[in-house]
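In case you want the letters, here they are:
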Amino acid sequence: MTWKYIFQLKALINWVESVFLLLSDQWIRELLGEKPLINSEYSHLFLVLVFVIGIGYWWVGQDIERNHGIVKLGILAQSSVFVVLAYHTLVGKLHPFYLVPGVIDLTFAILFVLFLNSYARTKPTLE
């Protein structure tokens, strides 16, 4: 039951985060003294994908015994987001504020690995 709520929480985080950043990224960049994006369409595409992946997490939460492929894809996606944001933060291309969503994603990626491991250990064997 707890895993259901963790997946649903991550879905909500994805939805809120993607809509918030879509509507406020320019304002946040101004506040942080960062330059506006040159190719904002890439940011928009990324944020739409974040929203869509949130739908996948919701589906997993609705049927925790299925959709493990979505969980695996989510682990890869979330880990990748962290790596890309960490790299760009380290080389000085991104304000550290933008690493916060990456840390959140990495935390959930770790939780999702724990989910898959615990599910594999506790699932009933069919004979």
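Residues numbered from 1 in each chain as written. Predicted model: local features only at pLDDT ≥ 70, side-chain atom pairs only at ≥ 80, totals over all residues. Heavy atoms only, no water.

Student: Quick question: what am I supposed to make of the overall build of the chain here?
Tutor: For the chain, the helix and strand inventory stands at four helices and zero strands. Ordered by position from N to C terminus, the α and β elements of the chain give α-α-α-α. Each principal axis of the C-alpha atoms in the chain carries an extent, and together these give about 60 × 25 × 20 Å. The buried share of the chain, reckoned over its 127 residues, is 32%. Across the chain, contacts joining residues at least 24 apart in sequence account for 73% of those joining residues at least 6 apart. In the structure as shown, the chain presents an accessible area of about 8,500 Å², 69% of it carried by carbon and sulfur atoms. In the chain, which carries 9 positive and 9 negative side-chain charges, the distance between the mean positions of the two groups comes to 6 Å. (Helix = DSSP H or I, 4+ residues; strand = E, 2+ residues; numbered from the N terminus. Buried < 20%, exposed > 50% of the residue type's maximum accessible area, 1.4 Å probe, protein only. Contact = heavy atoms within 4.5 Å. Areas by Shrake-Rupley, 256 points an atom, 1.4 Å probe, with all protein chains shown as cover. Lys, Arg positive; Asp, Glu negative; His and termini not counted. Charge placed at Lys NZ, Arg CZ, Asp CG, Glu CD.)

Student: How do you make sense of the nonpolar core when you look at a structure like this?
Tutor: Grouped together as the largest cluster of nonpolar side chains are twelve residues: Ile6, Phe7, Ala11, Tyr57, Val60, Val71, Ile75, Phe108, Ala109, Phe112, Phe115 and Leu116. Mapped onto this core, the elements with two or more residues apiece are helix 1 (2-32), helix 2 (40-62), helix 3 (68-90) and helix 4 (99-122). Broken down by element, this core gets its largest block of residues, five residues, from helix 4. Those residues in contact with Val60, other than ones at most four positions away along the chain, are Phe7, Asn67, Ile70 and Val71. Counting residues in hydrophobic clusters, the runner-up holds seven residues, among them Ile28, Leu47, Val81 and Leu94. (Core = buried A, V, L, I, M, F, W, Y, C linked by side-chain atoms within 4.5 Å.)

Student: I keep staring at the packing of helix 1 against helix 4 and nothing clicks. Help me out?
Tutor: If you want to describe how two helices pack, look at the angle between their axes and the distance between the axes. Running from amino to carboxyl end, helix 1 crosses helix 4 at an angle of 155 degrees, the nearest separation of the two axes being 11 Å. Between helix 1 and helix 4, the crossing angle belongs to the class labelled roughly antiparallel. As for the relative orientation of helix 1 and helix 4, their crossing is left-handed in sense. Mapping the contact onto sequence places Trp3, Ile6, Phe7, Leu9, Lys10, Ile13 and Glu17 in helix 1 and Pro101, Ile104, Asp105, Phe108, Leu111, Phe112, Leu114, Phe115 and Ser118 in helix 4. (Axes fitted to C-alpha atoms, helices over the stretch in contact; angles between N-to-C directions. Parallel < 35°, antiparallel > 145°, perpendicular 65-115°, else oblique. Left-handed = near helix turned anticlockwise from the far one by under 90°.)

Student: Help me understand the pattern of salt bridges, please; the structure alone is not making it clear to me.
Tutor: In a structure, side chains of opposite charge can pair up when their charged atoms sit close to one another. Under the defined criterion, the tally for this structure stands at three salt bridges. Residues Lys10 and Asp105 are paired through a salt bridge, measuring 2.6 Å at the closest nitrogen-oxygen approach. Note that Lys10 is positioned in helix 1 and Asp105 in helix 4, a separation of 95 residues in sequence. Where Asp25 meets Arg29, a salt bridge forms, and the shortest distance between an N and an O atom there is 2.8 Å. Of this pair, Asp25 and Arg29 both sit in helix 1, four residues apart, roughly one helical turn. Given a relative accessible area of 12%, Asp25 falls into the buried group. (Salt bridge = Lys/Arg side-chain N within 4 Å of Asp/Glu carboxyl O.)

Student: Hey, could you run me through the packing of aromatic side chains in this one?
Tutor: Aromatic ring pairs are described here by two measures, namely the spacing of the ring centres and the angle between the planes. Counted by the stated rule, this structure contains nine aromatic pairs. Counting every residue linked through ring pairs, the aromatic cluster contains Trp3, Phe7, Tyr57, Phe108, Phe112, Phe115 and Tyr119. (Phe/Tyr/Trp six-rings, centres within 6.5 Å; stacked < 30°, edge-to-face > 60°.)

Student: For this particular structure, what's the right way to read the side chain of Ser24?
Tutor: Structurally, the position occupied by Ser24 is in helix 1. The exposure class of Ser24 is buried, given its relative accessible area of 10%.

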